[in-house]
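Summary of structural features
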Amino acid sequence: YLAHTSLPVGGENTNCVIAAHTRYNGIYMFKRITELLPGDEIYITNLWETLVYKVSETKVIDPSDSQNIYIKEGRSLLTLSTCHPFPESYQRYLVYAEFVGTK
């Protein structure tokens, strides 16, 4: 997860931000991130449980636009972030997902 953001444990007033490369030397961590659509589920497994998040929005931002990864009052969020567009990477592609429960 991105330093100084919430741990992946859910809960009100949290935003766990996970950043990864779209493609990097044959490693495809977030290769298909742009295929995620509102309503799709994302599962994050921590040491205790599997958290379920539903995609709510995607956004392309400038890398210096850090307010887009801040905690949003009263919400439990997961934000996925990657460089965009590939291979130029002068922007960031964000996927926002809301916590809906555990599995």
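The coordinates are above.
Counting restarts for each chain, with residues numbered from 1 along the sequence as it is written. This being a predicted model, a pLDDT of at least 70 is required before a residue's local features are given, and a value of 80 or more before pairs of side-chain atoms are given or counted; all residues contribute to the totals for chains, interfaces and linings. Computation of side-chain values: all heavy atoms of the structure, hydrogens and water removed.

Let us now look at the sheet that holds strand β2 (residues 41–45). Following DSSP output, two strands are said to pair if at least two bridges run between them. Think of it this way: any DSSP run of H or I at least four residues long counts as a helix, any run of E at least two long counts as a strand, and we number them from the N terminus. One open sheet holds the 5 strands; their spatial order is β1-β4-β5-β3-β2, and the pairing between them is mixed. With partners counted over all chains shown, the strands left at the sheet margins are β1 (14–19) and β2, one partner each. Sheet twist, expressed as the average angle between the axes of neighbouring strands with direction ignored, equals 35°. With 6 bridges joining them, β1 and strand β4 (residues 76–84) adopt parallel strand pairing. Counterpart to Ile-18 in the pairing with β4 is Leu-80. Note on geometry: axes are lines fitted to C-alpha atoms, helical ones only across the stretch in contact, with angles between N-to-C directions running from 0 to 180 degrees.

The next subject is the environment of Cys-83. Along the chain, the position of Cys-83 falls in strand β4. The sequence separation of Cys-83 and Pro-8 amounts to 75 residues, and the corresponding C-alpha distance is 21 Å.

This brings us to the pattern of salt bridges. A pair is scored as a salt bridge if a Lys or Arg side-chain nitrogen falls within 4 Å of a carboxyl oxygen belonging to Asp or Glu. Taken as a whole and judged by the stated rule, the model has 2 salt bridges. Of the charged contacts, one joins Glu-35 and Arg-32 as a salt bridge, the two residues approaching to 2.9 Å between their closest N and O atoms. For the exposure calls, accessible area comes from a 1.4 Å probe over protein chains only, and a residue counts as buried if that area is under 20% of its type's maximum, exposed if over 50%, partly exposed in between. Given a relative accessible area of 46%, Glu-35 falls into the partly exposed group. Here Glu-98 and Arg-75 are joined by a salt bridge, their closest N and O atoms 2.3 Å apart. One end of the pair, Glu-98, is in strand β5 (residues 91–102); the other, Arg-75, is in the loop between β3 (50–61) and β4, with 23 residues separating them in the sequence.

Bringing the nonpolar core into the picture now. Only buried residues count toward a nonpolar core, which is a set of Ala, Val, Leu, Ile, Met, Phe, Trp, Tyr and Cys residues joined through side-chain atoms within 4.5 Å. By size, the foremost hydrophobic cluster in this structure holds 14 residues, and its most contacted members are Ile-33, Ile-42, Tyr-53, Leu-78, Leu-80 and Val-95. Beyond its immediate sequence surroundings of up to four residues, Ile-42 is in contact with Leu-36, Leu-51, Val-52, Tyr-53, Val-55, Leu-78, Leu-80, Val-95 and Ala-97. We call two residues in contact when some of their heavy atoms are within 4.5 Å.

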